[in-house]
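Commentary on secondary and tertiary structure
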Amino acid sequence: MSGKQRGPLDGLLVADFSRILAGPYATMLLADLGADVVKVEDPRGDDTRAWMPPVRDGVSTYYLGINRGKRSIALDFRDPEDARLARELARRADVVIENFKPGGLAKYGLDHASVSARNPGVVYASISGFGSGAGRKVPGYDLMVQAVSGLMSLTGDPDGPAYRAGISVFDVMAGNHAAIGILAALRHRDASDQGQLVEVNLLSSALTGLVNHSSGYIAGGTVPYRMGNAHPSVFPYEPLPTADRDLIVTAANDGQFRRLCDVLGIPEVADDPRFLHNADRTRRREELRPLLVERLRTRGALEWFDLLVDAGVPCGPINTIDGGFAMAERFGLDPVVDAGEGERAVPTTRHPIRFSETPAAYRLPPPELDEHGDELRTWLEDKNA
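Analysis parameters
Think of each chain on its own: its residues are numbered from 1, step by step along the sequence as written. The predicted nature of this model means local features are confined to residues of pLDDT at least 70 and side-chain atom pairs, given and counted, to a pLDDT of 80 or more, with totals for whole chains, interfaces and linings taken over all residues. Values reported for side chains reflect all heavy atoms of the structure, with hydrogen atoms and water molecules removed beforehand. Three labels apply to residues, based on accessible area from a 1.4 Å probe with only protein chains included: buried if under 20% of the type maximum, exposed if over 50%, partly exposed otherwise in between. What counts as a helix is a DSSP run of H or I of at least four residues, what counts as a strand is a run of E of at least two, and both are numbered from the N terminus. The arc in question is traced by the directions running from the helix axis to the C-beta atoms. We call two N or O atoms a polar contact when they sit within 3.5 Å, provided that within protein one can donate a hydrogen and the other can accept it, with sequence-adjacent residues counted only if both atoms are side-chain atoms. Residues enter a nonpolar core if they are buried and are Ala, Val, Leu, Ile, Met, Phe, Trp, Tyr or Cys, with the set joined through side-chain atoms within 4.5 Å. What makes two residues a contact is simply this: any of their non-hydrogen atoms within 4.5 Å. Stacked, tilted and edge-to-face pairs are distinguished by plane angle, under 30 degrees for stacked and over 60 for edge-to-face with tilted covering the rest, among Phe, Tyr and Trp rings (Trp via its six-membered ring) whose centres lie within 6.5 Å. When the NZ atom of lysine or the CZ atom of arginine is within 6 Å of a ring's centre and also within 35 degrees of its normal, the charge is said to sit over that ring. Pairing between two strands is assigned when DSSP locates at least 2 bridges connecting them. Only the stretch in contact is used when a helix axis is fitted, and all axes are lines through C-alpha atoms; the angle between N-to-C directions ranges over 0 to 180 degrees. Each angle gets one of four labels, with under 35 degrees taken as roughly parallel, over 145 as roughly antiparallel, 65 to 115 as roughly perpendicular, and the rest as oblique. Should the near helix be turned anticlockwise from the far one by less than a right angle, the crossing is left-handed, and should it be turned clockwise, the crossing is right-handed.

1. With respect to helix α7 (residues 202-209)
Of the positions making up α7, those classed as buried are L202, S205 and A206. Looking straight down α7, one finds its buried side chains confined to an arc of 100 degrees; they lie on one side. Capping the start of α7 is the job of one residue whose side-chain oxygen sits 3.2 Å from the backbone nitrogen of L203: N201. Immediately downstream of α7, the backbone of V211 shows phi near 30 degrees, a positive value.

Next up, the structure:
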């Protein structure tokens with residue numbers, strides 16, 4: 001709706017009927033790249049507006065973290081006039097994205113079949129927990145998917161209970177998959193003028209995201225179980241104690257292992273026939289670990305980090321999140337940017353992709369509920385727009 005160049009997706013209109021995490025995360029990434037994202041909310045607002053603490057100026061930081069760059073309009077689909085405006089938005093949109101239960105929008109004329117009949121070129125992205133087939137009635141919450149996918153069976157100490165990951169990892173993964181699917185479908189539309197339905201579900205995202213464990217099962221017939229922080233196929237690839245705290249050491253090939261031993265002052269260990277190759281080291285990890293720990297305990301984690309990284313050995317201290325941001329600052333990644341300007345500016349994490357010619361922009365702060373409702377209603381009523 002603006003002629004100003006804003007990024008590689010400038011001019012793209014996204015009707016965002018999603019809420020919570022996976023969909024809003026995907027549309028935030030698109031907004032960063034210049035898309036005009038209209039966030040359509042129930043009059044009560046996106047659920048994450050109420051997910052607190054923590055808060056910033058009384059607003060949930062959960063909501064703030066995934067909704068920058070969007071305009072908000074509150075529409076009650078049960079109201080005929082609001083439903084009509086929602087259908088008009090979908091008719092004009094290049095992209096529609098939703099994460100209602102499969103089929104849940106049909107009664108409002110906002111399902112793929114209805115929208116594409118009025119807007120044949122639309123890319124319609126639907127995110128669900130377990131697909132639009134036999135799993136359509138199962139609610140899709142990330143914790144459920146972590147459980148049923150097998151991830152929780154891989155997380156935690158070998159003799160302890162299963163644990164969830166510290167974030168909603170499959171919501172984020174599905175959001176990324178949705179963004180990839182939308183961009184691929186837009187590329188197809190550029191070549192054919194044909195829109196299409198893009199379906200993403202959390203369980204499928206989870207199973208592909210389990211990568212080596214999924215492959216170990218479907219290609220090798222092996223069901224893995226949790227090993228704490230150890231890796232089933234590589235050693236050393238886990239936290240090891242130093243003089244002050246644990247250090248992640250990931251010497252994943254023979255060259256890295258040799259350099260690790262050189263820095264630790266035990267070059268003879270790299271020549272020991274028991275530890276020559278990764279398979280040897282993995283099989284004899286209980287023999288090798290004490291030899292490494294004995295040396296690592298002579299210095300602190302940060303001191304070893306500098307020495308080992310300089311030698312080309314991957315490693316890293318176990319930080320809290322503030323330490324993670326500090327590390328990104330140290331590496332010049334500028335991890336924090338402001339979304340919006342002036343008093344409304346909100347600090348937020350930088351878009352993860354850097355472009356040499358069309359950088360991400362953070363034009364708008366996360367919107368207040370229905371903040372842009374009046375202007376959007378006027379635009380939707382304008383037959384000449």
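2. A few points about the nonpolar core
Generally speaking, soluble globular proteins have nonpolar side chains that are buried together. Counting residues in each nonpolar core, the largest one holds 32 residues, and the members touching the most others are V14 and I182. The set of elements that each furnish at least two residues to this core consists of α1 (22-32), β6 (95-98), β7 (123-128), α6 (169-192), β8 (196-201) and α7. Discounting residues that sit within four places of it in the chain, I182 has contacts with L30, V95, I97, V123, A125 and V198. Core analysis: the next-biggest nonpolar cluster, separate from the first, contains 24 residues, F235, C261, F275 and V313 among them.

3. Structural notes on the packing of aromatic side chains
The tally for this structure, following the rule as stated, stands at 4 aromatic pairs. Seen in terms of ring centroids, F17 and F77 are 5.8 Å apart; in terms of plane orientation they differ by 75 degrees. Their pairing is edge-to-face. Of this pair, F17 sits in strand β1 (residues 13-17) while F77 is found in the loop between β5 (70-74) and α3 (80-92), placing the two residues 60 residues apart along the sequence. Since its relative accessible area comes to 2%, F17 is described here as buried. Given the relative accessible area of 12%, F77 is considered buried. With 5.1 Å between their ring centres and 90 degrees between their planes, W51 and Y62 make a pair best called edge-to-face. One end of the pair, W51, is in the loop between β2 (36-41) and β3 (55-56); the other, Y62, is in helix α2 (residues 61-64), with 11 residues separating them in the sequence. The rings of F17, F77, F100 and Y108 are connected pair by pair, giving a single aromatic cluster. Taking NZ or CZ as reference, R92 lies 4.6 Å from the ring centre of W379, over its face.

4. Section: the environment of L291
Position of L291 relative to the elements: it lies in helix α12 (residues 285-296). Distance from L291 to V269, taken between C-alpha atoms, is 8.3 Å for residues 22 residues apart in sequence. Ignoring anything within four residues of it in the chain, the contact list for L291 reads I266, V269, R274 and F275.

5. Let's talk about unusual backbone geometry
Looking along the chain, the bond that leaves M52 and enters P53 is cis, with omega of 0 degrees. Relative to the elements of secondary structure, P53 occurs in the loop between β2 and β3. Note that the residue after F235, namely P236, is joined by a cis bond; omega there is -5 degrees. The topology assignment puts P236 in the loop between α8 (211-218) and β9 (237-241). Of note, the phi angle at I20 is positive, near 70 degrees, even though the residue is not glycine.

6. A look at the pairing of β7
Within a regular strand, side chains alternate between the sheet's two faces. Counting buried residues along β7, 6 of its 6 residues qualify, which places the element largely inside the surrounding structure. Neither face of β7 is open: one carries V123, A125 and I127, the other Y124, S126 and S128, and all of them are buried. Both β6 and β7 contribute to a ladder of 4 bridges, which runs parallel. Across the sheet, the residue bridging to V95 is V123, located in β7.

7. What about the packing of helix α5 (residues 142-149) against α7?
Between α5 and α7, the least distance of the axes is 10 Å, while the angle of their chain directions is 50 degrees. The pairing of α5 with α7 is recorded here as oblique in orientation. Crossing of α5 over α7 shows right-handed handedness. Within the contact between the two elements, α5 uses D142, V145, V148 and S149 and α7 uses L202, L203, A206 and L207.

8. A few points about the sheet that holds β2
Spatially, the 6 strands line up as an open sheet ordered β5-β2-β1-β6-β7-β8, and their pairing is parallel. Every interior strand has two partners, whereas the edge strands, β5 and β8, have only one. Each adjacent strand pair in this sheet contributes to an overall mean axis angle of 20 degrees, direction not counted. Pairing of β7 with β8 involves 6 bridges; the strand directions are parallel. Bridge pairing links S128 to N201 in β8.

Bear in mind that shape data such as this cannot, by itself, settle questions of function.
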